[in-house]
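Each chain is listed here by its residues.
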Amino acid sequence: MYRQGRSKGNRFLVLYAFPRADADEEGPRLGLSVSRRVGGAVDRNRVKRVLREAFWEEAERLPTSSDYVVVARPDARELAEREGMSGMRTALAELVDGLEARPREVALDCADPRVPALDLPRVPSALQVSPDLFALRGRSDPALWHPQGDGARNVAHPAL
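The sections below set out a description of the structure shown in this document. Keep in mind that what you see is a predicted model, and the values were worked out from it rather than measured.

### So, the overall build of the chain
- Looking only at helices and strands, the chain has 3 helices and 4 strands in total.
- Its helices and strands taken in sequence order, the chain reads β-β-β-α-β-α-α from the N to the C terminus.
- When each of the 160 residues of the chain is scored for burial, the buried share is 27%.
- For the chain, the accessible surface area stands at approximately 11500 Å², while carbon and sulfur atoms represent 51% of it.

In structure tokens form, the structure reads like this:
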């Protein structure tokens, strides 16, 4: 299920967005996950209460045809205690902004569209392998042996 969605995280929270197949319901739906690593029951309930309130204030910026899951990390308890709703809303707004800014994808000539395209510079010619090196075969080829014999075996020759 997590493979079908997008995610964005920071020190306090992780926000997952999943497209919803049945778009007949109005508004986004929220799911919360606050584990025991966040703290005791009182702390977890405080974090959930603050997260719900912060999410619904940010919900107007989110697409209505998606479901959202917010996972609280252990530092979320300290944020809720220290800054309250405003701090939690700031952390959540950062994640919402990150979900809205989708990375630029370039089309690939491959069968799997989930593999992102990378804009890599061309490899300098000094780092390219010469075609005659591919002609070397097997461990017994003396060109692949280290010139100093005993200690290091099968180490490529520095001239290669």
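### Topic: the pattern of salt bridges
- Following the criterion strictly, the structure yields 10 salt bridges and no others.
- The salt bridge involving Arg11 is made with Asp75; its shortest N-O contact spans 3.1 Å. One end of the pair, Arg11, is in the loop between strand S1 (6-9) and strand S2 (13-19); the other, Asp75, is in helix H2 (residues 75-82), and 64 residues separate them in sequence.
- The exposure class of Asp75 is partly exposed, given its relative accessible area of 24%.
- Close ionic contact of Asp97 with Arg61 constitutes a salt bridge, the shortest N to O distance being 2.0 Å. On the criterion of sequence distance, the pair formed by Asp97 in helix H3 (residues 84-100) and Arg61 in the loop between helix H1 (41-58) and strand S4 (66-72) is long-range, its members being 36 residues apart.
- The structure contains a network of salt bridges with shared partners spanning Glu57, Glu58, Arg61, Arg89 and Asp97.

### Quick word on the side chain of Arg20
- Inspection of the secondary structure puts Arg20 in the loop between S2 and strand S3 (29-34).
- Its relative accessible area of 8% is what places Arg20 among the buried residues.
- Separated by 2.6 Å, the side chain of Arg20 and the backbone oxygen of Thr64 make a polar contact.

### A few points about the nonpolar core
- Grouped together as the largest cluster of nonpolar side chains are 25 residues, with contacts concentrated most on Leu13, Val47, Ala72 and Met88.
- Where this core is concerned, the elements lending two or more residues are S2, H1, S4, H2 and H3.
- A per-element tally of this core places H3 first, with 6 residues.
- Excluding residues within four positions of it along the chain, Val47 makes contact with Val34, Val38, Ala72, Ala76, Arg77, Ala80 and Met88.

### A look at the packing of aromatic side chains
- The full count for this structure, using the stated rule, is 3 aromatic pairs.
- Aromatic pair Phe55 and Trp56: ring centres 4.9 Å apart, planes at 80 degrees, arrangement edge-to-face.
- Ring centres of Phe55 and Tyr68 lie 5.9 Å apart, and the angle between their planes is 55 degrees; on these two criteria the pair is classed as tilted. Of this pair, Phe55 sits in helix H1 while Tyr68 sits in strand S4, placing them 13 residues apart in sequence.
- Residue classification places Phe55 among the buried positions, given a relative accessible area of 1%.
- What makes Tyr68 buried here is its relative accessible area of 2%.
- Of the aromatic side chains, those joined through ring pairs into one cluster are Phe55, Trp56 and Tyr68.

Criteria and cut-off values
Residues numbered from 1 in each chain as written. Predicted model: local features only at pLDDT ≥ 70, side-chain atom pairs only at ≥ 80, totals over all residues. Heavy atoms only, no water. Helix = DSSP H or I, 4+ residues; strand = E, 2+ residues; numbered from the N terminus. Buried < 20%, exposed > 50% of the residue type's maximum accessible area, 1.4 Å probe, protein only. Areas by Shrake-Rupley, 256 points an atom, 1.4 Å probe, with all protein chains shown as cover. Salt bridge = Lys/Arg side-chain N within 4 Å of Asp/Glu carboxyl O. Polar contact = N/O pair within 3.5 Å; in protein donor to acceptor, adjacent residues only side chain to side chain. Core = buried A, V, L, I, M, F, W, Y, C linked by side-chain atoms within 4.5 Å. Contact = heavy atoms within 4.5 Å. Phe/Tyr/Trp six-rings, centres within 6.5 Å; stacked < 30°, edge-to-face > 60°.

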